[in-house]
Amino acid sequence: MSSHARHDRSDASDRPANRLKGETSPYLLQHAHNPVDWHPWGPEALALAKSENRPIFLSVGYSACHWCHVMERESFENLDIARIMNAHFVNIKVDREERPDLDQIYMNAVQALTGQGGWPMSVFLTPDLEPFFGGTYFPPTDSRGMAGFPRVLLSVHRAWEERRDEIRRSAAEMTEHLRNAADVGRSTDGSGELSEVLLDRAAKALLRNLDVHNGGFGHAPKFPHPMDIRVLLRQYARTGDAQALHAATLSLGKMARGGIYDHLAGGFARYSTDERWLVPHFEKMLYDNALLASAYVEAYQATGEPSFARTARETLGYILDRMTEPEGPFDSTEDADSEGEEGKYYVWSLGEVLQVLGPDKGRNFALTYDVSAPGNWERKNILNLPKPIAEAAKALGRDPEELEAELAESRAALLAVRDRRVPPAKDTKVLVSWNGLAIAALAQAGRALAEPRFLEAAERAASFLLDRLRADDGRLLHTYKDGVAKLNGYLDDYACLIDGLTRLYEATGTPQWIAGAIELADVLIAEFWDADRGGFFFTGASHEVLLTRQKDLFDDATPSGNGMAATALLRLAALTGREDFERTGREAVEAAATVLESAPAAGGQTLIALDFLLAPTRELAVVAGDSRADFDAVLDTAYLRLLPHAVVAPAPVEDREALAHLIPLLKDRPPIGDRVTLYDCRNHTCLAPVSGVADVVAALAGPNLG
């Protein structure tokens, strides 16, 4: 490879576009002017590989992936490397966020082949789509013990030409391995009984892995693990385990003070590269912020600690202010890079801070937020709070409230300056699953934090998804961009949206949301349920036939599809009384019992479902009287405490009759004396109703609620 290899992007847009030019994915469009003859995944590319008997080079990434951008600049913009790729391979580029089905299958293959995985994912397939070699990032030349990408390409080509039969046999064996690994489900020998023992073991395993100094679990790189934090909060709610509560609140507190959190605009980055949450990988994902917002809301409900409410409010404010499309749905990601540099948009020098704030306020801000002349990261500073603001106030000899007010003004001034910088690129495609997570978080927070704008945003997003991301037969579509909705919905699209719609109904009482959840739940079971082995397939019965039909039993950055489906169905069953929802939800948990026993840290969402399944369910029917304000006040109060085993069934005046047909709990439950009325039912037995806003609020706030 010449040392003068050409990969200058300055004239990339002047080159002819390749076959990605007609796509809507921002990630695919980033590659539309590469000299590589890229194809999108589809019949044309797959038929070409078969007709020419050429192997496929499958490259999978996503728009906010830093190393995906690096490999594009170094290799896919390189004319010499592109010539090798075009001469010997059918090159297919996939956005993993659009095609998680393909990503799952071939990531499992890469992990089996190499012992590790990640993105960009680079995998070579036979024309029959069977994987035989793969990896992640390859440099443009041999370096740091890694083979350069040209050498990899030429070696694979040579092997295909000289040892094709051997490669096909090896690929067939790998395919069989993938299919066997996907054939999981409920135990056939009667083992795997569901009990609270599984919850207790999981909590102990998480506590053993706790970083007692910095919070979080494990070592660097450190990820937020919101599902595991919510498991610990439920362990506390169920058993009173103080250690579980401490682990959850320690982790949430340290993350909110760390550099992983954006102290100016709110919101969390993807993960921290170090153990103490200082240096983030700067990309921001909708799913992280939705899941973390829910965790902070629940921590606030459990403790009453105002800082948790503030973090949740700011995180959801970030989504509303910077990740929301004009018609209501939420964008997917913000990039880590700005002007070609990771983190450039977010970091500060001491001189910049002093210039914006002046010497006195600048000094106070710098001492509080760890800003120094040497810098704390590559001669710049990532804003973070080494100590709580109250401790910083003591060190500065300031009144804490006065300092907090000053710091709020300083943050706003710095944000105004930062907003004039070149922002990171944004992936504005709409994904149903991630939007469902955001709707659930906004619904919870809208009531717990008494923020009507959160409820309004959740309702706008939900309306958009139900109106614009449905096929003619009512099935969900996965993604929307530039007026085009496409691709069959996956398991997590249905599961996350059902959960979001259910929680949105509980927060608002609007019949449309619970009716939509019920309708989608029926489709979920018909399309995705494995009647033979139990559990849910990731792709529906109507989906394109792929190499294998996977089951998504393990949490990753997002909840497992099977665990979220179980969670959604069990909650919906508690509201609707549908026995088929309860049975299917239970069997979905049973299908993942081996995960809960052997790898509880990978089964957080299923543990949340199991916790709900095993606990006695509380059913709180809130029936409106003449006053909408009283009705809203009661609903806000119902969300002030952490009640993970309760469901709320609100009935506004105008919707009581319609809701009674959907929710048996509301049948023959009138308001008493035209005043807001609470029907509190436990284990299928209801207490005497309480009416009038003062008495209902007192009952909800009383000691018998928990």
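Refer to the preceding data block for the structure.
Caption draft 1: Region of interest: the overall build of the protein chain. Assigned secondary structure in the protein chain consists of 27 helices and 20 strands. In terms of C-alpha radius of gyration, the protein chain reaches 26 Å, essentially the compact-globule figure of 27 Å for 706 residues. Each principal axis of the C-alpha atoms in the protein chain carries an extent, and together these give about 85 × 70 × 45 Å. The burial tally for the protein chain puts 59% of its 706 residues in the buried class.

Caption draft 2: Up close: the pattern of salt bridges. Across all of its chains, the model carries 53 salt bridges by this definition. With a shortest N-O distance of 3.1 Å, Asp419 and Arg322 are connected by a salt bridge. With Asp419 in the loop between helix 16 (400–418) and strand 12 (426–427) and Arg322 in helix 12 (residues 306–322), this residue pair connects regions lying 97 residues apart in the sequence. Given the relative accessible area of 40%, Asp419 is considered partly exposed. A single salt-bridge network, built from bridges that share partners, covers Asp95, Glu97, Asp427 and Lys429.

Caption draft 3: Main features of the sheet that holds strand 8 (residues 284–285). Strand order in the open sheet formed by 3 strands is 8-9-12, and the pairing between neighbours is antiparallel. A strand with exactly one partner marks an edge of an open sheet, and here the two such strands are strand 8 and strand 12. In this structure, strand 9 (residues 333–334) lies alongside strand 12, joined through 2 bridges in antiparallel fashion. By the bridge assignment for strand 12, Glu334 is matched with Lys426.

Caption draft 4: Structural detail: the packing of aromatic side chains. All told, the structure shown has 26 aromatic pairs when counted by the stated rule. For the pair Phe76 and Phe149, a centre-to-centre distance of 6.2 Å together with 75° between the ring planes defines the contact as edge-to-face. With Phe76 in helix 3 (residues 66–76) and Phe149 in helix 6 (residues 149–162), this residue pair connects regions lying 73 residues apart in the sequence. Like Phe76, the residue Phe149 is buried in the burial classification. Considering the side-chain rings of Tyr345 and Tyr346, the 5.1 Å spacing of their centres and the 90° angle between planes classify their relative orientation as edge-to-face.

Caption draft 5: Structural detail: the state of the cysteines. Using the criterion set out here, one finds 2 disulfides in the structure. Two residues, Cys65 and Cys68, share a disulfide whose sulfurs are 2.3 Å apart. Of note, the bridge from Cys65 to Cys68 carries an S-S torsion of about 80° and is right-handed in sense. Residues Cys65 and Cys68 agree in their burial class; the two are buried. What links to what in the protein chain: the bonded cysteines, counted in sequence order, pair as 1-2, 3-4.

Caption draft 6: Inspection of the sheet that holds strand 13 (residues 430–431) at higher detail. If you trace the 3 strands from one edge of the open sheet to the other, you get 13-14-15, paired in antiparallel fashion. Single-partner strands in this sheet number two, and they are strand 13 and strand 15 (484–488). Note: strand 13 against strand 14 (residues 477–481), 2 bridges, orientation antiparallel. By the bridge assignment, Val430 is partnered in strand 14 with Tyr480.

Caption draft 7: Structural detail: the environment of Arg238. Along the polypeptide, Arg238 turns up in helix 9 (residues 226–239). Sequence separation between Arg238 and Met285 is 47 residues; the distance between their C-alpha atoms is 31 Å. The contacts of Arg238, once residues within four sequence positions are left out, are Glu196, Leu199, Asp200, Asp611 and His645. Polar contacts involving the side chain of Arg238 include one to the side chain of Glu196, which spans 3.3 Å.

Caption draft 8: Layout of unusual backbone geometry. In this model, Trp119 is joined to Pro120 through a cis peptide bond whose omega is 5°. Relative to the helices and strands, Pro120 resides in the loop between helix 5 (100–114) and strand 4 (121–125). That bond from Ala220 to Pro221 is cis: its omega, -10°, falls within 30 degrees of zero. As for its position among the elements, Pro221 is in the loop between helix 8 (196–208) and helix 9. Even without a glycine there, the phi angle at Glu378 is positive, about 50°. Tracing the chain through its elements places Glu378 in the loop between helix 14 (359–368) and helix 15 (389–396). Phi is positive for Asp668, close to 55°, though the residue is something other than glycine.

Caption draft 9: Representation of the layout of surface pockets within the structure. Considering only enclosed or pocket space, the second largest pocket measures out at about 750 Å³ in volume. Around the second largest pocket, the lining comprises 34 residues; the ones closest to its centre are Arg257, Ser307, Arg310, Thr311 and Leu385. If you list the elements that add at least two residues to the lining of the second largest pocket, you get helix 10 (242–257), helix 12, helix 15 and helix 16. Among the elements that line the lining of the second largest pocket, the one with the most residues is helix 12, at 10 residues. Residues that form the lining of the second largest pocket fall into these classes: 14 nonpolar, 7 polar and 13 charged.

Caption draft 10: Summary view of the environment of Arg73. For Arg73, the position within the fold is in helix 3. In this structure Arg73 comes out as partly exposed when scored by relative accessible area, which is 28%. Each C-alpha atom, one on Arg73 and one on Pro139, is 10 Å from the other, the two residues being 66 residues apart in sequence.

Caption draft 11: Representation of helix 12 within the structure. Under the 1.5 Å per step criterion, the end-to-end length of helix 12 is 24 Å for 17 residues, consistent within 8% with the ideal 24 Å. Listing the buried residues of helix 12 in full gives Phe308, Ala309, Thr311, Ala312, Thr315, Leu316, Gly317, Tyr318, Ile319 and Leu320. Looking at the buried positions of helix 12, the neighbouring elements they touch are helix 10, strand 8, helix 11 (286–303), strand 9, helix 17 (432–448) and helix 18 (452–468).

Caption draft 12: Structural view of empty space enclosed by the protein. A full pass over the atoms with the stated rule returns 5 cavities of 30 Å³ or more. Of the voids in this model, the largest cavity is the one considered here, and its volume is about 290 Å³. Contributing to the lining of the largest cavity are 20 residues, with Arg503, Arg571, Leu643, Pro644 and Ala646 lying nearest its centre. For the lining of the largest cavity, the secondary-structure elements that each account for two or more residues are helix 11, helix 17, helix 19 (491–508), helix 21 (561–576), helix 24 (604–614) and strand 17 (646–651). If you go around the second largest cavity, you meet 17 residues; those closest to its centre are Gly259, Tyr261, Asp262, Phe282 and Tyr346. Grouping the constituent residues of the lining of the second largest cavity by class yields 11 nonpolar, 3 polar and 3 charged.

Caption draft 13: Quick look at the environment of Ile92. When you line up the elements, Ile92 lands in strand 3 (residues 90–95). Sequence-wise, Ile92 and Thr637 are 545 residues apart; in three dimensions their C-alpha atoms are separated by 53 Å. Those residues in contact with Ile92 that sit more than four places away from it in its chain are Trp38, His39, Pro40, Trp41, Ala45, Leu46, Ile56, Phe57, Leu58 and Ser59.

Parameters at a glance
- Residues numbered from 1 in each chain as written.
- Predicted model: local features only at pLDDT ≥ 70, side-chain atom pairs only at ≥ 80, totals over all residues.
- Heavy atoms only, no water.
- Helix = DSSP H or I, 4+ residues; strand = E, 2+ residues; numbered from the N terminus.
- Rg over C-alpha atoms; globule rule 2.2 N^0.38 Å.
- Buried < 20%, exposed > 50% of the residue type's maximum accessible area, 1.4 Å probe, protein only.
- Salt bridge = Lys/Arg side-chain N within 4 Å of Asp/Glu carboxyl O.
- Pairing = 2+ DSSP bridges.
- Phe/Tyr/Trp six-rings, centres within 6.5 Å; stacked < 30°, edge-to-face > 60°.
- Disulfide = S-S within 2.5 Å.
- Contact = heavy atoms within 4.5 Å.
- Polar contact = N/O pair within 3.5 Å; in protein donor to acceptor, adjacent residues only side chain to side chain.
- 1 Å grid on protein atoms, 1.4 Å probe; cavity = no way out; pocket = protein on both sides within 12 Å on 5 of 7 lines; lining within 4 Å.
- Points joined across faces, edges and corners; volume = space filled by probe spheres on them.
- Nonpolar A, V, L, I, M, F, W, Y, C, P; charged D, E, K, R; others polar.
- Expected span 1.5 Å × (residues − 1).

Note that every value here comes from positions in space, so none of it alone points to a role or purpose.
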